Amino acid sequence: MKLFADIYRGKRVLITGHTGFKGSWLAQWLNELGAHVTGIALPPETQPNHWDLLGLATNEHCLDIRDPEALKRTFMATEPEIVFHLAAQPLVRRSYRAPLETWSTNVMGTANVLEACRQTPSVRAIVAITTDKCYENREWPWGYRESDRLGGHDPYSASKAGSELVAASYRSAFFNAENAPLLATARAGNVIGGGDWSEDRLIPDLVRSVAQGQSLEIRSPYATRPWQHVLESLSGYLLLGQHLLQGDKVYAEAWNFGPEPEGNRTVSEVLGKLNSNWSSLRWHVTEKPQPHEATLLYLDSAKARSKLHWQPVWNFDTALEKTAGWYRAWLESGKVTSREQLVDYITAAAQTGVEWARP
């Protein structure tokens, strides 16, 4: 099956942040698509981690995106045709503890990556990944659109809004010439899936508590988020990259990739659904004061649905079932089912008739 018009086969693709949760799943998918993948990242921060468990054969470079000269040398040496920029400090609560690291990585790191792209003639397309939290959160009961105001209360959210502004500036100031790279940004919801061991994230924390035979302390049981499987957001990134590689300039802008409305659920609902797939999960609600986090956050992805013909494949229940199944298999037998789940997702997409999976 020729996914994404078979455009990635034989392409030189560079991923920043390939050792992270999303980046490792993206590297696996691109590997399946026949791309020649180069990764730029720091070593994984957790043991275990999804990247090491996958064991992919990739051209790896261990460096910090805050080092512009090292970035430029690596870009020039590997000559990527498309760049997926995922490297970031991605955690809200960590941003309160390390605001300068967060700002320097997410804002200046993005500027460094885009400058390396600007100075590398081979680069034709760039997909820079930010977050749904880049919007100025007003606790609206409707979804944020790409035209809504950017902002952020915590350093993470604000720095991601800043990285969006950096991208918009590079697009206007440097990437508007006839043969310049096409640059798009992508904002996804709360991604879930097997292989995430990040700190202060609901499902990784829950998995650690199960492994230790403990009850998980829950901070905000009634906070609402747009939950989606990691493969949903990645299908959007890859579809967007396809159009940029095809030279479609109208796609060089910001895009939301969120779940269907039924995927907007409270933390409590997520835990209840997970428990139905995994009865050993236990949790309790803490009464300790917590740093500010948004309580209500939706994404409006109508633009991606109408213009990119992108659509989610797995609903909320299936996403949680696949996530729980991945961790159960790993905890009980050490089996990594990422490739099997990717195949299941692609099969479901083809049966649904989504744009990128059509022959």
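Provided above is the structure to which this section pertains.
What counts and how
Residues numbered from 1 in each chain as written. Predicted model: local features only at pLDDT ≥ 70, side-chain atom pairs only at ≥ 80, totals over all residues. Heavy atoms only, no water. 1 Å grid on protein atoms, 1.4 Å probe; cavity = no way out; pocket = protein on both sides within 12 Å on 5 of 7 lines; lining within 4 Å. Points joined across faces, edges and corners; volume = space filled by probe spheres on them. Helix = DSSP H or I, 4+ residues; strand = E, 2+ residues; numbered from the N terminus. Nonpolar A, V, L, I, M, F, W, Y, C, P; charged D, E, K, R; others polar. Pairing = 2+ DSSP bridges. Axes fitted to C-alpha atoms, helices over the stretch in contact; angles between N-to-C directions. Phe/Tyr/Trp six-rings, centres within 6.5 Å; stacked < 30°, edge-to-face > 60°. Buried < 20%, exposed > 50% of the residue type's maximum accessible area, 1.4 Å probe, protein only. Left-handed = near helix turned anticlockwise from the far one by under 90°. Contact = heavy atoms within 4.5 Å. Salt bridge = Lys/Arg side-chain N within 4 Å of Asp/Glu carboxyl O.

Novice: When you look at empty space enclosed by the protein in this model, what are you seeing that I'm missing?
Specialist: Think of a ball as big as a water molecule: rolled over the atoms, this probe shows where empty space is left. Under the counting rule described, the total for this entry stands at one cavity of 30 Å³ or more. The volume enclosed by the largest cavity comes to roughly 40 Å³. The set of elements that each furnish at least two residues to the lining of the largest cavity consists of helix H7 (202–211) and helix H11 (316–333). The dominant element in the lining of the largest cavity, judged by the number of residues it contributes, is H7, at three residues. Its residues assigned to classes, the lining of the largest cavity comprises seven nonpolar, one polar and no charged.

Novice: Which parts of the structure should I look at to understand the sheet that holds strand S9 (residues 224–229)?
Specialist: Each strand in a sheet pairs with another by means of backbone hydrogen bonds, the pair being arranged parallel or else antiparallel. With mixed pairing, the three strands of this open sheet are ordered in space as S7-S9-S11. Every interior strand has two partners, whereas the edge strands, strand S7 (190–192) and strand S11 (264–266), have only one. Along the sheet, successive strands turn relative to each other by an average axial angle of 50°, direction set aside. Looking at chain direction, S9 and S11 are connected through three bridges and run antiparallel. Residue Arg225 lies in a different strand from S11, and its bridge partner there is Arg265.

Novice: So what exactly am I meant to see when it comes to the packing of aromatic side chains here?
Specialist: For any pair of aromatic rings, geometry is given as the distance between the ring centres together with the angle between the planes. Under the counting rule described, the total for this entry stands at 18 aromatic pairs. With a centroid separation of 6.0 Å and an interplanar angle of 50°, the aromatic rings of Tyr170 and Phe175 are classed as tilted. Considered together, Tyr170 and Phe175 belong to a single accessibility category, that of buried residues. Between Trp197 and Trp330, the aromatic rings sit 5.0 Å apart at their centres with planes inclined by 65°, giving edge-to-face as the arrangement.

Novice: Sorry if this is basic, but what is going on with the packing of helix H3 (residues 68–78) against helix H5 (residues 99–118) here?
Specialist: A pair of packed helices is characterised by two quantities: the angle between their axes and the separation of those axes. The contact between H3 and H5 brings their axes to 9 Å, and the two run at 35°. Handedness of the H3/H5 crossing: right-handed. Mapping the contact onto sequence places Pro68, Leu71, Lys72 and Phe75 in H3 and Asn112, Val113, Ala116 and Cys117 in H5. Class assignment for the residues of the contact of H3 with H5 results in six nonpolar, one polar and one charged.

Novice: What exactly am I supposed to notice about the sheet that holds strand S5 (residues 125–129) here?
Specialist: Taken in spatial order, the seven strands line up as S3-S2-S1-S4-S5-S6-S10 in an open sheet, and their pairing is parallel. Looking at which strands have only one partner, the edges of the open sheet turn out to be strand S3 (59–62) and strand S10 (254–257). Taken over all neighbouring pairs, the strand axes of this sheet differ in orientation by 20° on average, direction set aside. Two elements, strand S4 (residues 82–85) and S5, share four bridges in a ladder whose sense is parallel. Along S5, the bridge assignment pairs Phe84 with Val127. H3 contacts strand S1 (12–16), strand S2 (36–41), S3 and S4 of the sheet and is inclined by roughly 175° relative to S2.

Novice: I would appreciate a short explanation of the pattern of salt bridges in the present structure.
Specialist: Inspection of every chain in the model, using the stated rule, returns 25 salt bridges. Note that Arg66 is salt-bridged to Asp64, the shortest N-O span being 2.9 Å. By relative accessible area, Asp64 is classed as partly exposed at 21%. Residue Glu115 is joined to Arg118 by a salt bridge in which the shortest nitrogen-to-oxygen separation is 2.9 Å. Remark: Arg118 and Glu115 occur in helix H5; sequence separation between them is three residues, near one turn of the helix.

So yeah, pure geometry; function would need other evidence.
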